[in-house]
Amino acid sequence: MALESEGKPKILLVGPLPPPLGSTTVSFAQLVEDLATSGAVVTHVLPTNARKEKTVSSIFLDPLKVLGRLLRLIPQHSVITFHASSRRMLYFGCALLIMCRLLRRPLILRVFGGSFAQVYQTSNGLKRRLYDLLFQADKVLLETHQMVDFFSDLYPSANIEWFSNSRPLKDPDSRRSERRTPLRFIFVSHVEPAKGVRDLIAAARLLEQDPGDYRIDVYGPLLNGLEASEFGDSTVTYCGVLEPSQVTKTLEDYDVFLLPTHQPGEGYPGAIIEAYTIGLPVIASRIGGIPEIVEHGVDGLLITPKSVEELAGAIGSLVDQPDLRQTLSQGAYQSAERYSSEIWHKKVFVDICSKLS
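Small disclaimer: the values here were computed from a predicted structure and weren't measured.

Enquirer: I'm lost on the nonpolar core in this one. Help?
Expert: Most often, soluble globular proteins keep nonpolar side chains buried together rather than apart. With 55 residues, the main nonpolar core has Phe185, Leu200, Ile216, Phe257, Ile272, Ile283 and Ile315 as its most contacted residues. Element by element, the count of residues in this core is highest for helix 11 (residues 308–320), at seven residues. With residues up to four places along the chain from it excluded, the contact list for Ile283 reads Phe185, Val256, Phe257, Leu258, Leu259, Pro260, Leu301, Ile303, Leu311, Ala314, Ile315 and Leu318. Counting 39 residues, the second largest nonpolar core, distinct from the first, contains Val14, Met99, Leu109 and Leu130.

Here it is, written out as structure tokens:
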């Protein structure tokens, strides 16, 4: 059954590529790039991006077009992989599983983010039956240990495995040196209330430090009612949207990464892992999968979600305590090695595909 090219498994990668910029699209694009350069497998990519301008016909026809292409592509590959967010995974993943069963090809499902269990808990009887089908895939890769434990209890016979979000390690010589005053804090994500942006603005107003000792810059698309005018009278500056190619270079100009999110479906935010590769300590909320990758006092500081006072205190402590900041920076370097895309993509993912092919 296995199809190979020069002894290498042929892998079909189905998932979303940028644009838009987001954790799911960036992570999938990194996987595609890493596998292409590894030379260990032969890959073909089928993008699943939805159109920016949606119409009634496109909502129904676009998925049908992708499924039509899959009918042609699945027999040509030894392993089929589908990469999607929690909500996109359920219906499309089940349809793809049925196709792979009919065409006798193994299927790997990779779920991005940390909200899959939350989506399950709010689903009705019909959706629960679709979950029963979904976890019959040959392999289900989940981003957090929380989700692995949750679904392993529900589906003990399912082939479930932890598969971390990851980023490329940087050359040590390219990493930033310790900064001077003002200390530079950066937020990179969707700029919306659920990501704690308004909490960040409120925390900046509570800070007792001289504004000349620090600066806080926010990058990302404005969403869900948050407007640039809300930054007008604060020491937090909205700096616009970064292209994927700009994120790493921009992070190198900063000293601390901020993510005071209170979004319950957080998995392993790629921006946190990206910050680690540059040695940026992190201030983030104790929510979702974040405590699995941020160890308080080692590579960052964890705060209670929605606690403006704790957020202000954490920012102030790093402004006032350069020794703590240096300790956390070194911890961030070390943490980055655990989430190297070379390990997760070129070794772990290739190994999984090779065993199924």
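That shown, we press on.
Enquirer: It is not clear to me how the environment of Arg184 should be interpreted in this structure. Could you clarify?
Expert: With respect to the helices, strands and loops of the structure, Arg184 is situated in strand 8 (residues 183–188). Other than its neighbours up to four places away in sequence, Arg184 contacts Arg215, Asp253, Tyr254, Asp255 and Val256.

Enquirer: Looking at this structure, I do not really get unusual backbone geometry. What am I missing?
Expert: Note: most residues except glycine have negative phi, and most peptide bonds are trans. One non-glycine residue, Arg104, adopts positive backbone phi at about 60 degrees. Within the fold, Arg104 resides in the loop between helix 3 (86–102) and strand 5 (107–112). In this structure, Asn224 is a non-glycine residue whose phi angle is positive, near 55 degrees. Locating Asn224 in the fold gives a position in the loop between strand 9 (214–219) and strand 10 (236–238). The exposed category is assigned to Asn224, whose relative accessible area is 59%.

Enquirer: Just checking my understanding: could you explain the packing of aromatic side chains for this structure?
Expert: The geometry of an aromatic ring pair is captured by two quantities: the separation of the ring centres and the angle between the planes. In the structure shown here, the tally under the stated rule is 18 aromatic pairs. Ring centres 5.8 Å apart and planes at 75 degrees place the aromatic pair Tyr120 and Phe150 in the edge-to-face group. In this pair, Tyr120 sits in helix 4 (residues 116–121) while Phe150 sits in helix 6 (residues 145–154), placing the two residues 30 residues apart along the sequence. Its relative accessible area of 9% is what places Tyr120 among the buried residues. For Phe150, a relative accessible area of 24% corresponds to the partly exposed category. Through a chain of ring-to-ring contacts, the aromatic side chains of Phe116, Tyr120, Tyr131, Phe135, Phe150, Phe151 and Tyr155 assemble into a single cluster. The side chain of Arg88 reaches across the aromatic face of Phe92, ending 5.8 Å from its centre.

Enquirer: Even after reading the chapter, I still don't get the state of the cysteines, so can you show me in this structure?
Expert: Enumeration according to the criterion identifies zero disulfides in this entry. With no disulfide partner, Cys353 has as its closest neighbouring cysteine sulfur the one in Cys100, 12 Å distant.

Thresholds, definitions, all that
Residues numbered from 1 in each chain as written. Predicted model: local features only at pLDDT ≥ 70, side-chain atom pairs only at ≥ 80, totals over all residues. Heavy atoms only, no water. Core = buried A, V, L, I, M, F, W, Y, C linked by side-chain atoms within 4.5 Å. Buried < 20%, exposed > 50% of the residue type's maximum accessible area, 1.4 Å probe, protein only. Helix = DSSP H or I, 4+ residues; strand = E, 2+ residues; numbered from the N terminus. Contact = heavy atoms within 4.5 Å. Phe/Tyr/Trp six-rings, centres within 6.5 Å; stacked < 30°, edge-to-face > 60°. Lys NZ or Arg CZ within 6 Å of the ring centre and 35° of its normal. Disulfide = S-S within 2.5 Å.

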